[in-house]
Amino acid sequence: MKVRVAVNGYGTIGKRVADAVRLQPDMELIGVSKTSPNYEAWSAVKKGIKLYVPESEAERFKQAGIPIAGTLEELFKQVDVIVDATPNGVGAEYKPKYVELKKKAIFQGGEKAEVAEVSFSALCNYDEALNKNYVRVVSCNTTGMLRILCTINSKAAPIVKARGVVIRRAADPKEVKRGPINSVVLDSVNVPSHHAKDVQTVFKGLDIITTAVVVPTTLMHVHSMNITLSSNVKREQVIDALKNTPRIVTVQSKKSGIASTAEAIEFARDLGRYRNDMPEVLVFEDSVYVNGNELFLIYAVHQESIVVPENIDAIRAVMGLASAEESIKITNATLQIMKGSLIE
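Heads up: these notes are all about the structure in this document. Note that the structure is predicted; figures quoted are calculated from it, not measured. (Residues numbered from 1 in each chain as written. Predicted model: local features only at pLDDT ≥ 70, side-chain atom pairs only at ≥ 80, totals over all residues. Heavy atoms only, no water.)

1. Details of the overall build of the protein chain
Within the protein chain one finds 13 helices and 17 strands. By the burial criterion, 55% of the 344 residues in the protein chain qualify as buried. Looking at the protein chain alone, contacts between residues at least 24 apart form 72% of all its contacts between residues at least 6 apart. Carbon and sulfur atoms make up 51% of the accessible area of the protein chain, which amounts to about 14,800 Å² in all. One way to put it: in the protein chain the 43 positive side-chain charges average out to a point 1 Å from where the 39 negative ones average out. (Helix = DSSP H or I, 4+ residues; strand = E, 2+ residues; numbered from the N terminus. Buried < 20%, exposed > 50% of the residue type's maximum accessible area, 1.4 Å probe, protein only. Contact = heavy atoms within 4.5 Å. Areas by Shrake-Rupley, 256 points an atom, 1.4 Å probe, with all protein chains shown as cover. Lys, Arg positive; Asp, Glu negative; His and termini not counted. Charge placed at Lys NZ, Arg CZ, Asp CG, Glu CD.)

2. What to know about the sheet that holds strand β1 (residues 3-8)
On the basis of which strands lie adjacent, the open sheet formed by eight strands has the order β4-β3-β2-β1-β5-β6-β8-β7 and parallel pairing. If you trace the sheet from one side to the other, it starts and ends with β4 (70-71) and β7 (118-120), each paired once. Two elements, β1 and strand β5 (residues 81-84), share four bridges in a ladder whose sense is parallel. Directly across from V5, in β5, lies its bridge partner V81. With respect to the sheet, helix α1 (residues 12-22) is in contact with β1, β2 (27-33) and β5, its orientation differing from that of β2 by roughly 155°. (Pairing = 2+ DSSP bridges. Axes fitted to C-alpha atoms, helices over the stretch in contact; angles between N-to-C directions.)

3. Quick look at the packing of helix α7 (residues 140-155) against helix α9 (residues 235-243)
Packing of α7 against α9 brings their axes to within 10 Å, and their N-to-C directions diverge by 120°. Here α7 is positioned oblique relative to α9, judged by the angle of their axes. Where α7 crosses over α9, the handedness of that crossing is right-handed. Counted together, I148, T151, I152 and K155 of α7 and Q237, V238, A241 and L242 of α9 form the full contact between these two elements. Considered class by class, the residues forming the contact of α7 with α9 number five nonpolar, two polar and one charged. (Parallel < 35°, antiparallel > 145°, perpendicular 65-115°, else oblique. Left-handed = near helix turned anticlockwise from the far one by under 90°. Nonpolar A, V, L, I, M, F, W, Y, C, P; charged D, E, K, R; others polar.)

4. Observations regarding the packing of aromatic side chains
For the structure shown, the criterion picks out seven aromatic pairs. Relative to Y94, the ring of F76 lies with its centre 6.3 Å away and its plane at 90°, an arrangement referred to as edge-to-face. Here F76 is found in helix α4 (residues 72-77), whereas its partner Y94 is found in helix α5 (residues 90-101), with 18 residues between them in sequence. Across the pair, exposure class does not vary: F76 and Y94 are buried alike. Relative to Y126, the ring of F120 has its centre 6.0 Å away and its plane inclined at 55°; by these criteria the two rings are tilted. Comparing F120 with Y126, the two get one shared label, buried. Among the aromatic residues, ring-to-ring pairing joins F76, Y94, Y98, F107 and Y134 into one connected group. (Phe/Tyr/Trp six-rings, centres within 6.5 Å; stacked < 30°, edge-to-face > 60°.)

5. Details of the state of the cysteines
As enumerated under the stated definition, the model contains one disulfide in all. The closest cysteine sulfur to the non-disulfide-bonded C140 is located on C124, 15 Å from its own sulfur. (Disulfide = S-S within 2.5 Å.)

6. Some thoughts on the pattern of salt bridges
For the structure shown, the criterion picks out 26 salt bridges. In this structure, the salt-bridge partner of E310 is R147, at a minimum N-O distance of 2.6 Å. With E310 in helix α12 (residues 308-319) and R147 in helix α7, this pair connects stretches of sequence that are 163 residues apart. Its relative accessible area of 0% is what places E310 among the buried residues. (Salt bridge = Lys/Arg side-chain N within 4 Å of Asp/Glu carboxyl O.)

Here it is, written out as structure tokens:
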């Protein structure tokens, strides 16, 4: 039997996870939830996805003419696992209900690590999440960092320490009430920024320090990383490790003309990728520089889609459906995730 899945919250991440679940051969999307009768609720209905709402909001949806299949609790009772894609902090408020109903749940990186038994990154610690009840998929920035760090650590040389600068997008494309418009803002006056601490919830014991700024763009995050390794490595060795890891792609900027996040997203558009998504980490190959045991590189993270495959793998892990290798292979195939060089 297929695993029955609910997605609580049908926003930027939730709607992408819902679509991804529908593509999996071993999962069934039972329904999604919304609290506001807006265009996203309409889009779910038009796609044939069953919509569930809090009982207190049912009348608002009725007045808006949006058909609903039932209440949130009715949705939760039908499923094996709930992907909580509600706004930051709201998932923790829902957790007591999940516990009461004895339902497994996947939380997002906007929740504190304590909400779950395990913080999760598929390439790093899939096995830790096997058969757990509550798993937290780390944030978009942390997911990007962990894919790079775990790959370098296992395929190039063990990491001694990592130092990174996160250049964060200010808002997702649909968010019309966020900024900055004309400024570069400190994401946090504290060093390290929260990204380093989040990495350590998965890559335990890693010596990592990050700083972060927010810039007026909506397309992608960019990270500039300096990694110290336990031994000298060659640039080609690092690039080969990155190219041979799923969910990481490289691009030669001089050869391809892709030297910016705008060009990367435009390429995704030209490929006809759904919602222009790029769930892979995009490493700018020209930026990879090695000096003895020091490694420098710059890569881009598409914040809207990078955690989607991790959520799918987390579902399989908590349900004990597949090994890490098997799950990643299925997810990558169904979501058409690339690896290697973006343009050969």
